[in-house]
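Remarks on the overall topology
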Amino acid sequence: MTKTQLGRLGIWRPWNQLDPALAKDVEDLGYGAIWVGGSPSGDLDDVERLLAATERIVVATGIVNMWKTPAAEVAASYHRLHDAYGGRFLLGVGIGHPERTQEYRSPYETIVRYLDDLDAGNVPAEGRVLAALGPKVLRLAAERTAGAHPYLTTPEHTRHAREVLGGGPLLVPEQKVVVDADPARARTLGRRTLDHYLGLANYVSSWKRLGFTDADVADGGSDALVDAVIGHGDAATVAARLSAHLDAGADQVAVQVLTAPGGDPRPALRSIAEAVPPR
């Protein structure tokens, strides 16, 4: 899979908020990839439904949780999808969070063993990417996979990640956005999503490496933190945030449109695609 095939913009969305009709519409808007989030199951049946409904777009996992699915199972799923859909599937794997996984221990060693097991299952390095935030795992992503898929980051993190990865490996950060020119309303919506992550040590540590403090992650997150990790404003302002990641070294940005519960992401995705051509 080439960087050209992926294009400059993809979308990120939880697996339970994706369906074949949305996948086809996203493809028609010109986006290059759909990143299936929320720890999709290792049988990858949800991913297969999206691939079956589309013709060109890459479908990637963002991410399969290493604690949830044995490497041998996901390797079998990888080969099934790769063989059926001409290489349009990209496997993203990651370690998750200690607060969400009772068995969580020795995270770095667990990642290495999991990649070893994927090797044993003949999943090629170029067919997989690794969720990575800190420098140690970013270096591992460069050494053992096609590249890195950081989540809940900033353009400053993207610049640092590119320095660690070097010029060759793939770098696809996720970026949450709210297309709404009212800052108070956009921050309220953003905080509703961000609240889920404020107690997760991996993200807090990543933000602190960027200069944020304990005060920034308290009480729903400071305005400075919300504004840093959630791009909001009109379509042009959101487009500028996405372009900042690309300018900092991202190959593609996985756009996660935030809406009110039950909201349709299509209008925002359409306006973003008009402001930043996805390919």
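See above for the structure.
Position numbers for residues start from 1 in each chain and track the written sequence from start to end. Residue-level local features of this predicted model are given only where pLDDT is at least 70; pairs of side-chain atoms are given and counted only at 80 or more, and the full residue set underlies all totals for whole chains, interfaces and linings. Hydrogens and water are ignored here; the side-chain numbers use all heavy atoms of the structure.

1. A few points about the pairing of strand E2 (residues 33-37)
As a reminder of what qualifies: Only protein chains enter the accessibility calculation, which uses a 1.4 Å probe. A residue is then buried if its area is under 20% of the maximum for its type, exposed if over 50%, and partly exposed in between. Only runs of H or I of at least four residues qualify as helices and only runs of E of at least two qualify as strands under DSSP, and these elements are numbered from the N terminus. At least two DSSP bridges between two strands are required for those strands to pair. Here a crossover is taken to be right-handed if, once the strands point away from the viewer, the path from the first strand over the helix to the second is traced clockwise.
Within E2, five of the five residues are buried, leaving the element largely enclosed by the surrounding structure. Residue alternation in E2 divides its side chains into two sets, Ala 33, Trp 35 and Gly 37 and Ile 34 and Val 36, and both sets are buried. When strand E1 (residues 9-14) meets E2, the two strands line up parallel, connected through four bridges. Pairing of Trp 12 across the sheet is with Trp 35, part of E2. For the crossover that starts at E1, traverses helix H2 (residues 20-28) and ends in the parallel E2, the hand is right-handed. Here four bridges tie E2 to strand E3 (residues 58-61), and the two strands are oriented parallel to one another.

2. Some details on the pattern of salt bridges
Inclusion rule: Each salt bridge in this description consists of a side-chain nitrogen of Lys or Arg and a carboxyl oxygen of Asp or Glu lying within 4 Å of one another.
A full pass over the atoms with the stated rule returns 18 salt bridges. The partner of Glu 27 in a salt bridge is Lys 24, and the shortest N-O contact between them spans 3.1 Å. Of this pair, Glu 27 and Lys 24 both sit in helix H2, three residues apart, roughly one helical turn. Several salt bridges share partner residues, and in doing so they unite Asp 116, Asp 119, Arg 128 and Arg 144 into one network.

3. Here we look at the pairing of strand E9 (residues 174-179)
Judged by how many residues are buried, E9 sits mostly within the fold: five of six residues are covered. Sheet topology note: the E9/strand E11 (residues 253-257) ladder contains four bridges and is parallel. Residue Gln 175 lies in a different strand from E11, and its bridge partner there is Val 255. The pairing of E9 with strand E10 (residues 230-233) spans four bridges and is classified as parallel. Counterpart to Val 177 in the pairing with E10 is Gly 231.

4. Focus: the packing of helix H5 (residues 107-120) against helix H6 (residues 135-144)
Between two packed helices, the angle of one axis relative to the other and the distance separating the axes together describe the packing. Short version of the rule: Axis definition: a line fit to C-alpha positions, over the contact stretch in the case of helices; interaxial angles, taken between N-to-C directions, run 0 to 180 degrees. Every angle not falling under 35 degrees, over 145, or within 65 to 115 is termed oblique; those three ranges are roughly parallel, roughly antiparallel and roughly perpendicular. The criterion used for residue contact is that any of the two residues' heavy atoms lie within 4.5 Å. Amino acids outside the nonpolar list (Ala, Val, Leu, Ile, Met, Phe, Trp, Tyr, Cys, Pro) and the charged list (Asp, Glu, Lys, Arg) are all regarded as polar, and Gly is one of them.
It is at 11 Å that the axes of H5 and H6 come closest, and there the two elements cross at 10°. The angle between H5 and H6 falls in the class roughly parallel. In this structure, H5 uses Tyr 108, Ile 111, Val 112, Leu 115, Asp 116 and Asp 119 to contact H6, whose residues at the interface are Lys 136, Val 137, Leu 140 and Arg 144. Looking at side-chain class alone, the contact of H5 with H6 contains six nonpolar, no polar and four charged residues.

5. Remarks on the packing of aromatic side chains
Note the threshold: Side-chain rings of Phe, Tyr and Trp (the six-membered ring for Trp) are treated as a pair once their centres are within 6.5 Å; stacked means planes under 30 degrees apart, edge-to-face means over 60, and tilted covers the remaining angles.
Under the definition given, this model contains six aromatic pairs. Judged by centre distance (5.0 Å) and plane angle (50°), the rings of Trp 12 and Tyr 151 are tilted. One end of the pair, Trp 12, is in strand E1; the other, Tyr 151, is in the loop between strand E7 (147-148) and helix H7 (155-165), with 139 residues separating them in the sequence. Centre to centre, the rings of Tyr 197 and Tyr 203 are 5.5 Å apart; their planes meet at 85°, and the pair counts as edge-to-face. No difference in accessibility class separates Tyr 197 from Tyr 203, as the two residues are buried. Through successive ring pairs, a cluster of aromatic residues spans Trp 12, Tyr 151, Tyr 197, Tyr 203 and Trp 207.

6. Considerations on helix H11 (residues 235-247)
Rules: To estimate how far a helix should reach, multiply one less than its number of residues by 1.5 Å. Arc definition: it is the arc formed by the directions from the helix axis to the C-beta atoms.
Helix length check: H11, at 13 residues, gives a terminal C-alpha distance of 18 Å against a target of 18 Å (1.5 Å per residue), a fit within 8%. Listed in full, the buried residues belonging to H11 are Ala 235, Val 238, Ala 239, Arg 241, Leu 242, His 245 and Leu 246. Looking straight down H11, one finds that the buried residues subtend no more than 155° of arc, so they occupy a single side. Among the exposed residues of H11, those pointing more than 90 degrees away from its buried face are Ala 236 and Asp 247. Two residues or fewer after H11 comes Gly 249, characterised by a positive phi angle close to 125°.

These results come straight from atomic positions and should not be treated as a statement about function.
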